[in-house]
Amino acid sequence: MSMRLTKCLAVIMLMSVFFTACSSTKEAIQYEGDSKMQATITVKYSGGDEAFNFFYGDLFRAKYPNIDVKLINNLEDEPDVFLLSFAKYGEYLDEGKLYDLNNVITDEAFKLENMNKDVIDFVRKRGRGKLYGLPPYFNNQALFYNKDMFDKYNIPYPTDGMTWEEVLQLAKRFPLEDGEGGLYTRSLSDLLSNMEQTKGLEKINTKDMKVTVNTDSYKELFETILDANESQALNIFEHDGFAKNDPFIMGQSAMAFEYYSYLNNNIYWAKQERGEDFNLNWDVVTAPVDESNREATPYFFIPTMFAINAKAQNVQAAWEFVKFINGEEFAKIHSRTTTGNIPTRTDYVYNPEGKRMEVFYSNLKMDWAVVSDRDYKKIPINVWDTFNGIVASELKAAAVGVKTIDEALGSIEERGQVLLDKQSVENSMADDK
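Residues numbered from 1 in each chain as written. Predicted model: local features only at pLDDT ≥ 70, side-chain atom pairs only at ≥ 80, totals over all residues. Heavy atoms only, no water.

1. Here we look at the overall build of the chain
Here comes step 1: Secondary structure assignment for the chain yields 13 helices and 13 strands.
Here comes step 2: A burial count over the chain gives 49% of its 433 residues as buried.
Here comes step 3: Taking all contacts inside the chain whose residues are at least 6 apart in sequence as the whole, residues at least 24 apart take part in 78%.
Here comes step 4: Looking at the chain as shown, the accessible area adds up to about 21000 Å², and 48% of this sits on carbon and sulfur atoms. (Helix = DSSP H or I, 4+ residues; strand = E, 2+ residues; numbered from the N terminus. Buried < 20%, exposed > 50% of the residue type's maximum accessible area, 1.4 Å probe, protein only. Contact = heavy atoms within 4.5 Å. Areas by Shrake-Rupley, 256 points an atom, 1.4 Å probe, with all protein chains shown as cover.)

2. Points about the sheet that holds strand β11 (residues 282–286)
Here comes step 1: If you walk across this open sheet you meet the five strands as β9-β6-β10-β5-β11, and the pairing is mixed. Where the open sheet ends on each side, the last strands, each with one partner, are β9 (234–236) and β11. Strand-to-strand twist across the sheet, computed as the mean angle between neighbouring axes with direction ignored, equals 30°. (Pairing = 2+ DSSP bridges. Axes fitted to C-alpha atoms, helices over the stretch in contact; angles between N-to-C directions.)

3. Quick notes on the sheet that holds strand β2 (residues 67–72)
Here comes step 1: Sheet architecture is open: four strands sit in the order β2-β1-β3-β12, paired in mixed fashion. Among the strands making up the open sheet, the edge pair consists of β2 and β12 (305–308). With direction set aside, neighbouring strand axes in the sheet form an average angle of 25°.
Here comes step 2: Contacting β1 (39–44), β2, β3 (81–84) and β12, helix α2 (residues 49–63) crosses the sheet at an angle of about 165° to β2.
Here comes step 3: Each of β1, β2, β3 and β12 touches helix α10 (residues 315–325); the most contacted strand, β12, lies at about 165° to it.

4. Some words on the pairing of β12
Here comes step 1: Residues of β12 alternate between two faces, with M305 and A307 on one and F306 and I308 on the opposite face, all of them buried.
Here comes step 2: In this sheet, β12 lies alongside β3 in antiparallel orientation, the contact comprising four bridges. Bridged to L83 within β12 is F306.

5. Observations regarding the pairing of strand β6 (residues 181–185)
Here comes step 1: By the criterion of burial, β6 is predominantly enclosed, with five of the five residues buried.
Here comes step 2: Bridge count between β6 and strand β10 (residues 253–259): three bridges; the pairing is parallel. Following the sheet pairing, L183 is matched in β10 by M255.

6. With respect to the pattern of salt bridges
Here comes step 1: All chains considered together, the criterion is met by 26 salt bridges.
Here comes step 2: The closest approach of N and O atoms between E91 and K88, which form a salt bridge, is 3.4 Å. Linking E91 with K88, this pair stays in helix α3 (residues 86–94), spanning three residues, or about one helical turn.
Here comes step 3: With its nearest N and O atoms 2.8 Å apart, the salt bridge here joins E394 to R415. With E394 in helix α12 (residues 381–399) and R415 in helix α13 (residues 405–432), the pair connects residues that are 21 residues apart, well separated along the chain.
Here comes step 4: Residue classification places E394 among the buried residues on the basis of a relative accessible area of 3%.
Here comes step 5: The network of salt bridges with shared partners includes D94, R126 and R128. (Salt bridge = Lys/Arg side-chain N within 4 Å of Asp/Glu carboxyl O.)

This is the structure:
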């Protein structure tokens, strides 16, 4: 079944559930002054009408037909509602562009306390004690493992709070036969990116625009990764993130480190297509951690914040939209299927097989030392792609013995700095125009 058809069936099911829930109450928006008031709100959203309506608009209009929702995407326009990345949310907050939601979160039926406390506390901390936006969902990574493979070789299952070094040592215990491996990863550079996050390392210091990889810390990471690769503890399979035949899905890799979206894009997709022939006996433990803090992982992030413009023309109607998208009813509708993100109302996480989904959202123990709001705006995506290509090629050269680790790290720093310096000149010329 194609992803497009799967999406269509999913939205039909969600809409049918929604209309069944609403038909008996015929609930309409309730204003303090006039319950029959018509309203129009504008929403700034860059994803286009089709995506907006699929994810949010159709369901909202079904419940609130007397609120007209219009999308705008012009820079000069002032919308009533912003849909923002968390980084942009922080910028707007600091610039005073966002409305304080503490003024409108007064409806007991909204049940703010039922949203994930760690996530809301994280957002509140960014707002210096106040909420200027709400995230209906977030994302995180975890370590998936194949229970049957561990049982087959009498190897103990991975546990919560393991370091990357411990995970790789576990991966080495699997015998090298029949194409099986301990840990599936898309590439050596992908594994490097995951491991450096746990260590709190960054290849580029964006404040000074300097490449900083020729260090003892990165040398240790290279040594660890290349040792795991040489011992064949890794099962490398490159794809775009939507494969249904990667080594973990095929039962050829004991572990895989993936985002929550791996469930929807890979595991459940493969199960849907293969039916009874799909027999992957999997579960999950928390993402790997650093030895210095085994209770915190750096992979949590918020993709979208819903916020009200401080200059909104109709705050009440704007709040009805933000409240609905972050409310229990919306979360309940989507609980009937898995999605790419974790609902912030985690009571509604899709878990038909009773897996340990709580590892994605329980005791996140987030703090600014672990979860950083990094500013990469100065570096265009094409420059990042080129730089990541440099890292991948040099790491591969070290893996096959063409270069020593020191030579590879030196080359990354030298080639990467030339790339950044060129970009800095282009940015400066653009600013002068």
